[in-house]
Amino acid sequence: MIKMQALLAVAVICTASAAHAAHATPARLRLATVESSPLLVGAELRPGIDLSGTWNYSIDPYRTGQAGFHGESPDPGQQRWRDVDVRAAMANDNRVLYEFDMAHSPVTTLPSSWLTEAAELRHYQGLIWYQRTFKAPAPRAGRQFLRFGAANYWTVVYLNGHAVGRHEGGFTPFAFEVTQLLRDGDNQITVGVDSQATPATVPPPVTDWENYGGVTRPVRLISTPETYVDDAWVRLTRQGMLAVDAHLDGGRAAHSPVHLRIAELGLDLAGTTDAQGNWHAIRAVPRALVRWSPESPKLYEVGIDAGEDHWRDRIGFRTVETRGADILLNGKPIFLRGISLHEEEIGPNPTRDMTPDAARALLGEVKDGLHGNYVRLAHYPHSEAMTRMADEMGLLVWSEVPVYWLVAWSNPDTLATARNMLAENILRDRNRASIAIWSVANETPVNEARNAFLRQLVSDVRRLDDSRLVSAALLVDRDPKASVPTMTMVDPLAEVLDVVAINTYNGWYTADRLADLPGSVWHLPAGKPLIFSEFGADAKAGFVDERAAPRKFSEQYQADYYRKTLEMANRIPTLRGLSPWILKDFRSPRRQNPDFQQGWNRKGLISETGRRKLAFQVLADDYEKKQAAGR
Ligand code: GCU
């Protein structure tokens, strides 16, 4: 079992012990420690207390809760996490000063981004403190953990006035053990979240999507037995065997009896963990096993029993690989009829609160509306609500880390952050049948430092998960002298990828006539599957231009663009998938045309409120034909 520590001896951003997470100086402090944080794989299915709901919040734009005015430890009067009744303390002693009072600060509802909480926060990027109280389960046996689905971007957590840990990264889960810090009655949790990106973060400050700061996924208090299954991966190998890797954590992790059970298959595979609490087993596949596929998304109730712990997950079994230019699902060639998505729910004022219902609404547009079988979840790990919904509905997934555009390729901290984020994403979702491709980057400039950085990430993918494909969304060179659009893939990273993925926008960001697109020439690596990971054009829903040559931002232009780009794409012999940009209009501060954009990127095939544009049907017709032809 590849555990976090093994991979991330370099630096683990997540710090699990109170000692380490002492009151630090500025929020950018990066705590590198070789301690790994609990993974709690499958945690969302474990019993626990959901801490969603009403929280107090206090903004802290100068980060006074993290450092004093000379950068030293913060004044006690600014320490939002203190376990104190501010009003009573100041009423009882006129020497006492607090310049905050969390219990009487404004309230919000988590999970959500603060951007939608109040007008004055709409463009706030910085540090905000959240606090609430909750009652711990009593009596308490075993162990208790605070688990965050995600918080964007830097997070520090305190319980009852004690630091319990910090985490860097806006899109992956993290957990801290709090067994010794919980008390009977009310417990006070304080969370500091700082959304401010820097040139060293992943992603860097400039992207093409809204930076939703906040606790954007659920927070839960999870209970486990003293020894529990912290990591588990159960899958079909490419050789068609059933494999299980599990890691126990706790006093009785070593040399413990364990069972893998799949009742529907009558399977009960017994084993014993080794001295490190790891168990690896492999066996022939039960003949009755029905493989997962988009047409038949069969999921099994899978259990691993280890002493008092009964780990559970719902898992689909399938294989995905390449053979020459083909992508094979369960040994058969498949064409990925997809679309890209950001993590934004349908509605006029999204707050990145991706509930199962919100995920179902988006994926229903792909599966039923577009006749799709695939989604590119761009540009960062999406909520587990989304990847579990893809499992249930039968959609293959491209899962990505936000190594996006201008990353600090030569900064070892940035590489450590990217590696940690990639590992957290893979270790969270290895049991998701829907995930077929791990992506390590998007539209990154070709240079030696970037090539080395990305080759390391590709190597990490191969080490953590040998059952899936690895790719990255690449750019191509265009011959400025050619009489027709002529593109060549020269990116050396393509050599180490299973799937060559290309973003192309000829006819939108270029002066090409749409009529010239089908005649485009592509020089691509032979013998490798090609996915167009992006192409797209903006259209303001309802903006109509019926002229023979409709103008950009009209629905007619977007529809014509799709017709001609699809005609071009379908001529490429190694094309095996499409994820046009993008299903739904999404917030982007870079898009400020006052007539058409108003802070939204309008390349969606549906508007932010779900209104379908003309181009939606153009893509749906193309996919319906491909589906009918068995592609
Ligand atoms: C780029 C990028 C996207 C962006 C899109 C666009 O390719 O990958 O994140 O939103 O193009 O320009 O709309």
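None of the values given here were measured: they were computed from a predicted structure.

Caption draft 1: The arrangement of the site of the ligand in detail. The immediate surroundings of the ligand are formed by 14 residues, with Asp208, His379, Glu443, Tyr509 and Glu534 found nearest. Histidine 379 places a side-chain nitrogen or oxygen 2.7 Å from an oxygen atom of the ligand. Glutamate 443 places a side-chain nitrogen or oxygen 2.3 Å from an oxygen atom of the ligand. Protein burial of the ligand: of its 320 Å² of free accessible surface, 97% is covered by the chains. For the shell around the ligand, a count of residues per class yields 5 nonpolar, 4 polar and 5 charged.

Caption draft 2: Up close: the domain arrangement of the protein. By domain assignment, the protein separates into domain 1 (18–32 + 226–321), domain 2 (43–224) and domain 3 (335–346 + 360–628). For domain 2 and domain 3, the distance between their C-alpha centroids amounts to 34 Å. Tallying the contact residues gives 24 residues for domain 2 and 33 residues for domain 3. Note on domain 2 versus domain 3: buried area summed over both sides is about 2,400 Å², and carbon and sulfur give 56% of it. Ranking the residues of domain 2 by area buried against domain 3 places Val202, Asp208 and Trp209 at the top, with a combined share of 29%. At the boundary of domain 2 with domain 3, the tally comes to 5 salt bridges. Joining domain 2 to domain 3, the criterion identifies 14 residue pairs in polar contact (both at pLDDT 80 or more). Of the residues in the side of domain 2 that touches domain 3, the class split is 12 nonpolar, 5 polar and 7 charged.

Caption draft 3: Representation of the packing of helix H5 (residues 412–429) against helix H6 (residues 448–464) within the structure. At a closest axis distance of 10 Å, the pairing of H5 and H6 adopts a crossing angle of 25°. The orientation of H5 relative to H6 falls into the category roughly parallel. Between H5 and H6 lies a crossing of right-handed hand. Contacts from Thr414, Leu415, Ala418, Arg419, Leu422, Ala423, Ile426 and Leu427 in H5 reach Phe453, Gln456, Leu457, Asp460, Val461, Arg463 and Leu464 in H6.

Caption draft 4: Main features of the sheet that holds strand S24 (residues 374–377). Taken together, 8 strands build a closed barrel; the order of strands is S23-S24-S25-S26-S27-S30-S32-S33 and the barrel is parallel. Across this sheet, the average inter-strand angle for adjacent strands is 30°, counted without regard to direction. Relative to strand S26 (residues 435–442), H6 is tilted by about 160°, and along the sheet it contacts S26 and strand S27 (469–474).

Caption draft 5: How the structure looks around the environment of asparagine 211. Looking at the element boundaries, asparagine 211 is found in the loop between strand S10 (186–194) and strand S11 (214–215). Under the relative-accessibility criterion, asparagine 211 is labelled partly exposed at 22%. The sequence separation of asparagine 211 and asparagine 152 amounts to 59 residues, and the corresponding C-alpha distance is 8.2 Å. Residue contacts for asparagine 211: discarding those within four places in its chain leaves Leu115, Gln125, Asn152 and Ser195. Side-chain polar atoms of asparagine 211 contact the backbone oxygen of serine 195, separated by 2.9 Å.

Caption draft 6: Up close: the nonpolar core. Judged by nonpolar contacts, the single largest core of 117 residues is most densely connected at Leu260, Phe317, Leu341, Val403 and Phe532. When residues in this core are grouped by element, the largest group, 7 residues, is from helix H7 (residues 555–569). Listed in part, the 30 residues of the second largest apolar core include Leu115, Ala118, Val164 and Phe174.

Caption draft 7: Geometry of the environment of alanine 416. For alanine 416, the position within the fold is in helix H5. Residue class for alanine 416 comes out buried when judged on its relative accessible area of 5%. In the structure, alanine 416 is positioned 199 residues away from alanine 615 in sequence and 41 Å away in space, judged by C-alpha atoms.

Caption draft 8: Here's a closer look at the side chain of arginine 46. With respect to the helices, strands and loops of the structure, arginine 46 is situated in the loop between helix H1 (4–7) and strand S1 (48–50). At 3.2 Å, the side chain of arginine 46 and the backbone oxygen of valine 229 are in polar contact. Residues contacting arginine 46, with those up to four places away along its chain left out, are Leu40, Arg220, Ile222, Thr224, Tyr228, Val229, Asp309 and Trp311.

Caption draft 9: Spatial organisation of the confidence of the model for the protein. Chain-level statistics for the protein give a pLDDT mean of 94 and a share of 94% at 70 or above. Here residues 2–13 scores under 50 on pLDDT; set against residues more than four positions off or in separate chains, the count is 41 contacts. Throughout residues 15–35 the model reports pLDDT below 50, and contacts reaching past four residues in sequence, or to other chains, amount to 65 contacts.

Caption draft 10: Seen up close, H7. With 15 residues, H7 extends 21 Å between its outermost C-alpha atoms, agreeing within 8% with the 21 Å of an ideal straight helix rising 1.5 Å per residue. For H7, the tally of buried residues reaches 11 of 15 residues, placing the bulk of the element in the interior. Residues of H7 that are buried: Glu555, Gln556, Tyr557, Gln558, Ala559, Tyr561, Tyr562, Thr565, Leu566, Met568 and Ala569. Taken together, the buried residues of H7 touch strand S31 (521–523), strand S32 (530–534), strand S33 (575–578) and helix H8 (614–628).

Caption draft 11: Main features of unusual backbone geometry. Cis peptide bonds are those with omega within 30 degrees of zero, and the linkage from alanine 138 to proline 139 qualifies with -5°. Locating proline 139 in the fold gives a position in the loop between strand S5 (127–135) and strand S6 (143–148). For the peptide bond that leads from asparagine 152 to tyrosine 153, omega is 20°, which places it in the cis range. On the secondary structure map, tyrosine 153 appears in the loop between S6 and strand S7 (154–159). Phi at arginine 352 is positive, roughly 55°, even though this residue is not glycine. You can see arginine 352 is positioned in the loop between strand S23 (336–341) and helix H3 (356–369). Using a relative accessible area of 3% as the deciding quantity, one classes arginine 352 as buried.

Here is what the cut-offs are and how they apply
- Residues numbered from 1 in each chain as written.
- Predicted model: local features only at pLDDT ≥ 70, side-chain atom pairs only at ≥ 80, totals over all residues.
- Heavy atoms only, no water.
- Near = heavy atom within 4 Å.
- Polar contact = N/O pair within 3.5 Å; in protein donor to acceptor, adjacent residues only side chain to side chain.
- Areas by Shrake-Rupley, 256 points an atom, 1.4 Å probe, with all protein chains shown as cover.
- Nonpolar A, V, L, I, M, F, W, Y, C, P; charged D, E, K, R; others polar.
- Domains from an automatic or database assignment.
- Contact = heavy atoms within 4.5 Å.
- Buried area = accessible area lost by both parts, 1.4 Å probe.
- Salt bridge = Lys/Arg side-chain N within 4 Å of Asp/Glu carboxyl O.
- Axes fitted to C-alpha atoms, helices over the stretch in contact; angles between N-to-C directions.
- Helix = DSSP H or I, 4+ residues; strand = E, 2+ residues; numbered from the N terminus.
- Parallel < 35°, antiparallel > 145°, perpendicular 65-115°, else oblique.
- Left-handed = near helix turned anticlockwise from the far one by under 90°.
- Pairing = 2+ DSSP bridges.
- Buried < 20%, exposed > 50% of the residue type's maximum accessible area, 1.4 Å probe, protein only.
- Core = buried A, V, L, I, M, F, W, Y, C linked by side-chain atoms within 4.5 Å.
- pLDDT = per-residue confidence, 0-100.
- Expected span 1.5 Å × (residues − 1).

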